[in-house]
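Coordinates in review
What follows is the residue order along each chain.
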Amino acid sequence: MASVTFDHVTKRFGNVVALNDVNLHIEDKEFLVLVGPSGCGKTTALRIIAGLEDVTEGNILIDGKVVNDVPPKDRDIAMVFQSYALYPHMTVFDNMAFGLKLRKVPKDEIKRRVYAAAEMLGIQDLLDRYPKQLSGGQRQRVAVGRAIVRKPKVFLFDEPLSNLDAKLRVQTRAELSKLHKQLQTTFVYVTHDQVEAMTMADRIAVMNKGVIQQVDTPQKLYDEPANLFVAGFIGSPAMNFFPATLRQEEGRLYVDAGAFTVEVPEDRKARYLGHVNRRVILGLRPEHMFHPDFLPKGVVPQPVEGLVEIIEPMGSEKFVYFRAGEHTFVARVDPRADYRLGERGVIVFDMARMHLFDPETEKAIR
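A few points on the structure. (Residues numbered from 1 in each chain as written. Predicted model: local features only at pLDDT ≥ 70, side-chain atom pairs only at ≥ 80, totals over all residues. Heavy atoms only, no water.)

1. Description of the side chain of Arg 113
For Arg 113, the location among the structural elements is in helix α3 (residues 107–121). Filtering out sequence-adjacent residues up to four positions away, Arg 113 remains in contact with Leu 100, Val 149, Arg 150 and Lys 151. (Helix = DSSP H or I, 4+ residues; strand = E, 2+ residues; numbered from the N terminus. Contact = heavy atoms within 4.5 Å.)

2. Thoughts on the sheet that holds strand β5 (residues 65–66)
A sheet is described by the order of its strands in space; here four strands give the open sequence β2-β1-β4-β5, paired in antiparallel fashion. Each of the sheet's edge strands pairs with one partner strand only, and the pair in question is β2 (16–26) and β5. Taken strand by strand, helix α1 (residues 42–50) contacts β1 (4–13), β2 and β4 (57–62), and its axis lies near 115 degrees from that of β1. (Pairing = 2+ DSSP bridges. Axes fitted to C-alpha atoms, helices over the stretch in contact; angles between N-to-C directions.)

3. Details of the packing of aromatic side chains
Applying the stated criterion across every chain yields a total of 17 aromatic pairs. Look at Phe 31 and Phe 187: their rings are 5.2 Å apart centre to centre, the planes differ by 50 degrees, and that puts the pair in the tilted class. On the criterion of sequence distance, the pair formed by Phe 31 in strand β3 (residues 31–35) and Phe 187 in strand β8 (residues 186–191) is long-range, its members being 156 residues apart. Between Phe 329 and Phe 349 the ring centres are 5.8 Å apart and the planes differ by 90 degrees, which places this aromatic pair in the edge-to-face class. On the criterion of sequence distance, the pair formed by Phe 329 in strand β18 (residues 327–333) and Phe 349 in strand β19 (residues 344–350) is long-range, its members being 20 residues apart. Across the pair, Phe 349 and Phe 329 agree in class, each one buried. (Phe/Tyr/Trp six-rings, centres within 6.5 Å; stacked < 30°, edge-to-face > 60°. Buried < 20%, exposed > 50% of the residue type's maximum accessible area, 1.4 Å probe, protein only.)

4. Considerations on α1
With seven of nine residues buried, α1 lies mostly within the body of the structure. Buried residues of α1: Lys 42, Thr 44, Ala 45, Leu 46, Ile 48, Ile 49 and Ala 50, and no others. Two residues or fewer after α1 comes Gly 51, characterised by a positive phi angle close to 90 degrees.

5. Digging into the sheet that holds strand β14 (residues 279–284)
The sheet built from five strands is open, its strands ordered β13-β12-β11-β14-β20 with antiparallel pairing. Looking at strand neighbours, the two that pair on one side only are β13 (261–263) and β20 (355–357), the edges of this open sheet. The average angle at which neighbouring strand axes cross in this sheet is 40 degrees, direction not considered. In this structure, strand β11 (residues 240–249) lies alongside β14, joined through six bridges in antiparallel fashion. Note that in β14 the partner of Phe 242 across the bridge is Leu 282.

6. Observations concerning the layout of surface pockets
It is a probe the size of a water molecule, rolled over the atoms, that shows where empty space is left. Here the largest pocket defines a volume of roughly 500 Å³. Met 79, Phe 81, Arg 103, Arg 146 and Arg 150 are, among the 21 residues lining the largest pocket, the residues nearest its centre. Looking at the lining of the largest pocket, the elements that each hand over two or more residues are β6 (77–80), α2 (92–102) and α4 (136–148). When residues of the lining of the largest pocket are assigned to their parent elements, the largest contribution, five residues, is made by α2. Its residues placed into classes, the lining of the largest pocket shows 16 nonpolar, one polar and four charged. The calculated volume of the second largest pocket comes to roughly 230 Å³. Around the second largest pocket, the lining is made up of 14 residues, and of these Met 120, Ile 148, Val 149, Lys 151 and Leu 183 lie nearest the centre. (1 Å grid on protein atoms, 1.4 Å probe; cavity = no way out; pocket = protein on both sides within 12 Å on 5 of 7 lines; lining within 4 Å. Points joined across faces, edges and corners; volume = space filled by probe spheres on them. Nonpolar A, V, L, I, M, F, W, Y, C, P; charged D, E, K, R; others polar.)

Coordinates in, geometry out; function isn't part of it.
Right, here's the structure in full:
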């Protein structure tokens, strides 16, 4: 078992900066997910841990030891790729055993480890099959099993579920979380899917343009995003943003978005007083907007009127897209909410869950 540390790591490919002064400590036995859009540097970070890419500046440490010059085979890590990378001419057993054979592990020990890993993953009946005889989900389990038998200090996963269908992704997410608890080792997992990140991670590192934007628990990222990028990336559908001005009248604080004005709750006024009469961006998640007839307890309500442009019934909920002046936004409401296309309707903002951001720095105003 081991911790992993990025100590001021920068990686350049020619003039392109893939990682820019990254500092990150991954605890022993932690499940950390690197998440972000394509090109944000997350896979490069994973490949640097594995030793498949060299650092341009800084140090990478595994278990407290600098491993910049340690070759991949000596880092005691195992990597599971998006493409599975199974040998088509080998059986499942031989694919899982291949790395151990190269290390000249005794045959009895190889057999014991392979059977133990296969049972853990539910593929003990597939050991005599070839990859072409397996489904995508089964191939993915074999790739994970091949990593497990090596008993590495750190497991690295590079978007391992992206080739699976939606139902199988959900199932395999749960299996990987269970596997992490069983193995009690360090998992570093890369994905562009924030749902995967939220459901599996102990902590998430949100990346953009080679920079770590915020590292925290899934719930903390959702509740207290550090900036506009994190706020918009975490959550589905994404947070709604409204360019506005913060105004004060008769001791009350208002967010004036032009087409509508909403009042800031009393318990939040103090943190925003330094931004009175300045431009701000109001952020509110779709699930914190409600039809007036279906308000839950604890809501600090501010009604806003808008034109209903799109309605998407989802069964257990309904996505309703509104236009208010120049603003378009989506609300995630009760399926019984009575909105009609092309008509004006009232949607209630829960201001207890509001966020304000500085449009210049894009940072959250605390």
